Amino acid sequence: MNFHQQNMITIPDLIRKKRDGGQLSDDEIKAFIQAVKEKTIQDSQTGAMLMAICLNGMVSAEIKALTREMMSSGEVMEWPDEWKDFMVDKHSTGGVGDKVSLVLAPALAACGCKVPMISGRGLAHTGGTLDKLESIPGFKVEQSREQILKILDSVGCCIVGQTETLVPADRVLYALRDITSTVDSLPLVTGSIISKKGAESLSALVLDVKFGRAAICKDFESATELAQMLVTGNGLGIRTAAVLSGMNSTIGRCVGNSVEVIESLETLKGNGPDDLMELVTTQGGLLLVMTGLVSDLSEGRKQISEAVVGGAALSKFQAMMEAQGVNSDTAQLLCSTNADYYSVLRKAKHQLELKAPADGIVLEIDGLALAQVLHRLGAGRSKAGEPVNHSVGAVLLVSIGQRVTKGDPWLRLHYEDLALTPDQRNHLESALTVGADKKIQTQQKHTLVEKILPEKYQ
C-alpha cells in the first residue's frame with residue numbers, strides 16, 4: 001500500500017485543491033511526487049496538476065516541499081568530508097552562445113573547488129553544454145558515480161549528463177511540462193533546477209538568470225522574480241546567489257557546437273571576448289566568496305581571471321578532456337598555441353558571409369533570430385533525443401558599437417547540405433541593426449551583468 005492510499009489522499013482531491021487555489025501540505029506534495037516516481041498516476045493527472053500549479057502558483061513552503069521531495073526521489077550524491085565546503089556548480093536559464101560552463105568549470109577547479117557539473121542538452125533555440133562537448137571526438141558525458149568521484153579527485157571538475165538515478169521525478173515532470181505548456185511556471189522551474197543541484201550535495205550554487213529577447217524571461221522584472229525564488233526558496237541549505245544578465249544578442253561571437261568549443265578554448269588561452277569573461281569572472285568570483293576561499297567579489301573575480309588568463313584553467317580543461325575519454329594527443333593538440341582546430345573538430349561543408357546593408361554603427365544583433373535559423377539548419381533539436389549537427393554554427397565578425405561600411409562582412413555562417421531558404425536568409429539579415437553615429441555613445445559599454453542577488457555580494 002503506498003503513501004497516498006494509506007492516508008486516503010486521492011490524486012483527484014489534490015488536483016482539485018490546487019485548481020481551487022488551495023495550499024498543498026508537505027504530505028500532499030510528498031504523495032504527488034511519490035505517485036509520479038512510482039508511476040501510479042496517469043499522465044493526464046500529472047498534466048492537470050502541473051497546469052493547476054502553473055495557473056495558481058505556490059507559496060514558499062510548497063516550493064520548498066516540492067524541491068525537497070523531487071530531490072529525494074532518487075540518489076543523492078555523497079562526497080569525502082574534506083571536499084564538502086568546496087563542492088560548487090552553476091546553472092544558466094539558457095542563452096545563445098552560452099559557453100560559460102566550458103571556461104568556468106576548469107577555472108574553479110584551478111582555484112581549489114570541486115565542480116561536479118551536471119549539465120543538459122540543447123532544446124529549442126538554446127544550446128546544450130553536453131552537445132558542445134560531444135563535438136570533441138571521444139568526449140564521454142555519461143559517467144558513473146564512481147567515475148565522477150575519480151575525475152573530481154584527479155582533476156577537480158567534470159561535466160556530465162544527468163544519471164538515471166538522479167532526480168527521476170524531474171525527468172517525468174520535465175517531459176510533461178514541455179507538452180503541457182507549463183515550462184515557464186516559476187515554482188516548477190525552481191523545483192526542477194534546485195532539486196537537481198541539491199542531489200549533487202553542493203555547498204554553493206550560482207545561477208545565471210537571463211532576461212531579454214533570447215531568454216526564457218523576456219524582461220528584468222520576471223527574471224528578478226525567478227532569481228529571488230531560486231535564491232530564497234530552495235530550503236536545501238545550499239548557499240545560493242544569482243546573477244541577472246542581459247540576453248538580447250549572443251555571448252561571445254560564436255553560436256553552434258563546434259565553433260563554441262573553439263571560442264571556449266581561445267578564451268582558456270587568454271583570448272576571450274569581454275562579455276564571456278564578465279560572466280565567467282562574476283559567477284566564479286561569487287562561488288569563491290560563498291565557499292570562503294576569498295573575502296569579496298573583486299578578489300574572486302581577480303582569481304578566476306588569473307586562472308583563465310594564466311593557463312591554469314586550460315591545463316584543467318585538458319586533464320578533464322582526457323579523464324572523460326578524449327585521446328591525449330587530441331586533447332594536447334586542442335590546447336596547444338595556434339591549434340589547427342579543424343584537424344580535430346568537424347567543419348561544415350559550406351561557409352557563407354553576410355554583408356552589412358549600410359554604413360553606420362552596429363546597434364543590435366538579435367541573438368534569438370540567429371539561434372532560430374541555426375536550429376533549423378541542424379544545430380539544435382526540436383524533440384529530446386534527436387541528433388544535432390555539431391558543425392553547423394555562426395561566427396559574428398562585428399561587435400555592438402563597431403562602425404561598419406556597407407558591404408563589410410558581419411556574419412560567417414557554417415552550414416551543411418541544408419541550403420538557406422530565402423526566408424531564413426531574410427531572418428538572418430534582419431538580425432543586424434545598423435544605425436546613425438549619434439547612438440554610438442550608448443553602445444560603448446556593452447556589459448551583460450545587471451544585478452546580483454543577494455545584494456550583499458553586489
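So, how was this worked out
Starting from 1, residues in each chain are numbered consecutively following that chain's sequence as written. Where local features are concerned, this predicted model is filtered to residues with pLDDT of at least 70; where side-chain atom pairs are given and counted, the filter is 80 or more; whole-chain, interface and lining totals use all residues. Only hydrogens and water are set aside when side-chain values are computed; all heavy atoms of the structure are taken into account. UniProt positions are given in the numbering used here, feature names are shortened, and annotations may be inferred rather than shown by experiment. Under the scheme used here, helices are H or I runs from DSSP no shorter than 4 residues and strands are E runs no shorter than 2 residues, and both carry numbers assigned from the N terminus. Three labels apply to residues, based on accessible area from a 1.4 Å probe with only protein chains included: buried if under 20% of the type maximum, exposed if over 50%, partly exposed otherwise in between. We call two residues in contact when some of their heavy atoms are within 4.5 Å. Surface exposure here means Shrake-Rupley accessible area, sampled with a 1.4 Å probe, where a residue is shielded only by the protein chains that are shown. We treat Lys and Arg as the positive residues and Asp and Glu as the negative residues; His and chain ends play no part in the count. A charged residue contributes its charge at one atom only: NZ of Lys, CZ of Arg, CG of Asp or CD of Glu. Put simply, a nonpolar core is a bunch of buried Ala, Val, Leu, Ile, Met, Phe, Trp, Tyr and Cys residues held in one set by side-chain atoms that sit within 4.5 Å of each other. Any two strands with at least two DSSP bridges between them are considered paired. All axes here are fitted lines through C-alpha atoms, helices being fitted over the stretch that makes contact, and every angle between N-to-C directions spans 0 to 180 degrees. We define a polar contact as two N or O atoms separated by no more than 3.5 Å, with the added condition that, inside protein, one atom must be a possible hydrogen donor and the other a possible acceptor, whereas residues neighbouring each other in sequence contribute only through side-chain atom pairs. Two aromatic rings, drawn from Phe, Tyr or Trp (for Trp, its six-membered ring), form a pair once their centres lie within 6.5 Å of each other, and the interplanar angle then sorts them: stacked below 30 degrees, edge-to-face above 60, tilted otherwise. Working rule: Lys NZ or Arg CZ, within 6 Å of ring centre, within 35 degrees of ring normal, means a charge sits over the ring. Here the bounds of each domain stem from an automatic or database domain assignment. For any pair of parts, buried area is found by adding up, for both, the accessible area (1.4 Å probe) each one loses once the two are put together. In the sections that follow, a salt bridge refers to a side-chain nitrogen of Lys or Arg positioned within 4 Å of a carboxyl oxygen of Asp or Glu. Residue classes follow a fixed rule: Ala, Val, Leu, Ile, Met, Phe, Trp, Tyr, Cys and Pro count as nonpolar, while Asp, Glu, Lys and Arg count as charged, and any other residue, Gly among them, counts as polar. Between 65 and 115 degrees an angle is taken as roughly perpendicular, under 35 as roughly parallel, over 145 as roughly antiparallel, and anywhere else as oblique. Handedness of a crossing follows from how the near helix is turned relative to the far one, being left-handed for an anticlockwise turn of less than a right angle and right-handed for a clockwise one.

- With an unreviewed UniProt entry as reference, the chain is termed Thymidine phosphorylase, source organism Haplochromis burtoni.
- Under the heading Sequence similarities (unreviewed entry), UniProt records this for the chain: "Belongs to the thymidine/pyrimidine-nucleoside phosphorylase family."
- The heading Subunit (unreviewed entry) in the UniProt record of the chain holds the text "Homodimer."

### Considering the overall build of the chain
Link 1 in the chain: Counting secondary structure elements, the chain contains 19 helices and 13 strands.
Link 2 in the chain: Projected onto its principal axes, the C-alpha positions of the chain cover 70 × 50 × 45 Å.
Link 3 in the chain: Counting only residues that meet the buried cut, the chain has 57% of its 458 residues in that class.
Link 4 in the chain: Put simply, of all contacts in the chain between residues at least 6 apart along the chain, 78% involve residues at least 24 apart.
Link 5 in the chain: A total accessible area of about 18,900 Å² is found for the chain, and carbon and sulfur atoms account for 49% of it.
Link 6 in the chain: Charged side chains in the chain number 47 positive and 55 negative. The centres of these two groups are separated by 2 Å.

### A word on unusual backbone geometry
Excluding glycine, a negative phi dihedral is what most residues carry, and trans is how most peptide bonds are arranged.
Link 1 in the chain: With an omega of -15 degrees, the peptide bond running from Leu453 to Pro454 counts as cis.
Link 2 in the chain: Its identity is not glycine, yet Val167 carries a phi of approximately 45 degrees, on the positive side.
Link 3 in the chain: Its identity is not glycine, yet Ser181 carries a phi of approximately 55 degrees, on the positive side.

### Here's the deal with the nonpolar core
Link 1 in the chain: Core analysis: the biggest nonpolar cluster contains 150 residues, and Leu108, Ile136, Leu286, Phe317, Met321, Ile365 and Trp410 have the highest contact counts within it.
Link 2 in the chain: Per element, the largest residue contribution to this core is nine residues, and it comes from helix α13 (residues 274-290).
Link 3 in the chain: Residue contacts for Ile136: discarding those within four places in its chain leaves Val261, Phe317, Met321, Val326, Leu334 and Leu345.

### Concerning the sheet that holds strand β6 (residues 254-256)
Link 1 in the chain: Read across the sheet, four strands follow the order β6-β9-β11-β7 without closing on themselves; strand pairing throughout is antiparallel. A strand with exactly one partner marks an edge of an open sheet, and here the two such strands are β6 and β7 (350-355). If you compare each strand with its neighbour and ignore which way they point, the axes differ by 15 degrees on average.
Link 2 in the chain: Two strands pair when backbone bridges link them, and β6 and strand β9 (residues 393-396) are joined in this way by three bridges, in the antiparallel orientation. Of the residues in β9, the one forming a bridge with Cys254 is Val395.

### Thoughts on the side chain of Thr291
Link 1 in the chain: The residue Thr291 is located in the loop between α13 and α14 (297-309) in this model.
Link 2 in the chain: Separated by 2.9 Å, the side chain of Thr291 and the backbone oxygen of Leu287 make a polar contact.
Link 3 in the chain: Not counting the four nearest positions on each side in its chain, Thr291 is found in contact with Asp85, Phe86, Val88, Ser203, Ala204 and Arg239.

### So, the packing of aromatic side chains
Link 1 in the chain: A full pass over the atoms with the stated rule returns two aromatic pairs.
Link 2 in the chain: Look at Phe211 and Phe220: their rings are 5.4 Å apart centre to centre, the planes differ by 75 degrees, and that puts the pair in the edge-to-face class.
Link 3 in the chain: Lying across the ring of Trp83, Lys114 places its NZ or CZ 4.7 Å from the centre.

### Points about the domain arrangement of the chain
Link 1 in the chain: Considered domain by domain, the chain is made up of domain 1 (11-57), domain 2 (81-337 + 450-457) and domain 3 (347-435).
Link 2 in the chain: A straight line from the C-alpha centre of domain 2 to that of domain 3 covers 25 Å.
Link 3 in the chain: Counting residues at the interface gives 22 residues for domain 2, matched by 29 residues for domain 3.
Link 4 in the chain: With both sides pooled, the region where domain 2 packs onto domain 3 buries about 1,800 Å², and carbon together with sulfur makes up 53% of that total.
Link 5 in the chain: Taken together, domain 2 and domain 3 are joined by two salt bridges.
Link 6 in the chain: Across the salt bridge formed by Arg213 and Asp366, the nearest N and O atoms sit 3.5 Å from each other.
Link 7 in the chain: Between the two partners, domain 2 and domain 3, sit seven residue pairs in polar contact (both at pLDDT 80 or more).
Link 8 in the chain: Contributions of two or more residues to the side of domain 2 that touches domain 3 are made by β6 and α12 (257-271).
Link 9 in the chain: When its residues are assigned to classes, the side of domain 2 that touches domain 3 shows seven nonpolar, 10 polar and five charged.

### Description of the packing of helix α5 (residues 60-71) against helix α10 (residues 186-199)
Link 1 in the chain: Between α5 and α10, the least distance of the axes is 8 Å, while the angle of their chain directions is 45 degrees. As summarised for this structure, α5 and α10 are arranged oblique, according to the angle between their axes. Here α5 and α10 pass one another in a crossing that is right-handed. Taken together, the residues of α10 that come into contact with α5 (itself represented by Ile63, Leu66, Thr67, Met70 and Met71) are Pro187, Leu188, Thr190, Gly191, Ser192, Ile194, Ser195, Gly198 and Ala199.

### Brief notes about the pattern of salt bridges
Link 1 in the chain: Following the criterion strictly, the structure yields 21 salt bridges and no others.
Link 2 in the chain: Where Lys197 meets Glu200, a salt bridge forms, and the shortest distance between an N and an O atom there is 3.4 Å.
Link 3 in the chain: Between Arg213 and Glu364 there is a salt bridge whose closest N-O contact spans 3.6 Å. A residue pair is termed long-range when its members are at least 10 positions apart, and Arg213 in the loop between β4 (204-211) and α11 (220-232) and Glu364 in strand β8 (residues 360-365) qualify at 151 residues.
Link 4 in the chain: Exposure remark for Arg213: the relative accessible area of 30% places this residue in the partly exposed category.
Link 5 in the chain: The exposure class assigned to Glu364 is partly exposed, which follows from its relative accessible area of 34%.
Link 6 in the chain: A single network of salt bridges, built from pairs that share partners, joins Asp89, Lys197 and Glu200.

### Thoughts on the sheet that holds β8
Consider a sheet: its strands pair through backbone hydrogen bonds, and that pairing is either parallel or antiparallel.
Link 1 in the chain: Judged by pairing direction, the sheet is antiparallel, and its three strands sit side by side in the order β10-β8-β12 without closing on themselves. In the strand order of this sheet, the two ends are held by β10 (403-404) and β12 (432-435), each with one partner.
Link 2 in the chain: Two elements, β8 and β12, share four bridges in a ladder whose sense is antiparallel. Within the sheet, the bridge partner assigned to Glu364 lies in β12 and is Thr433.

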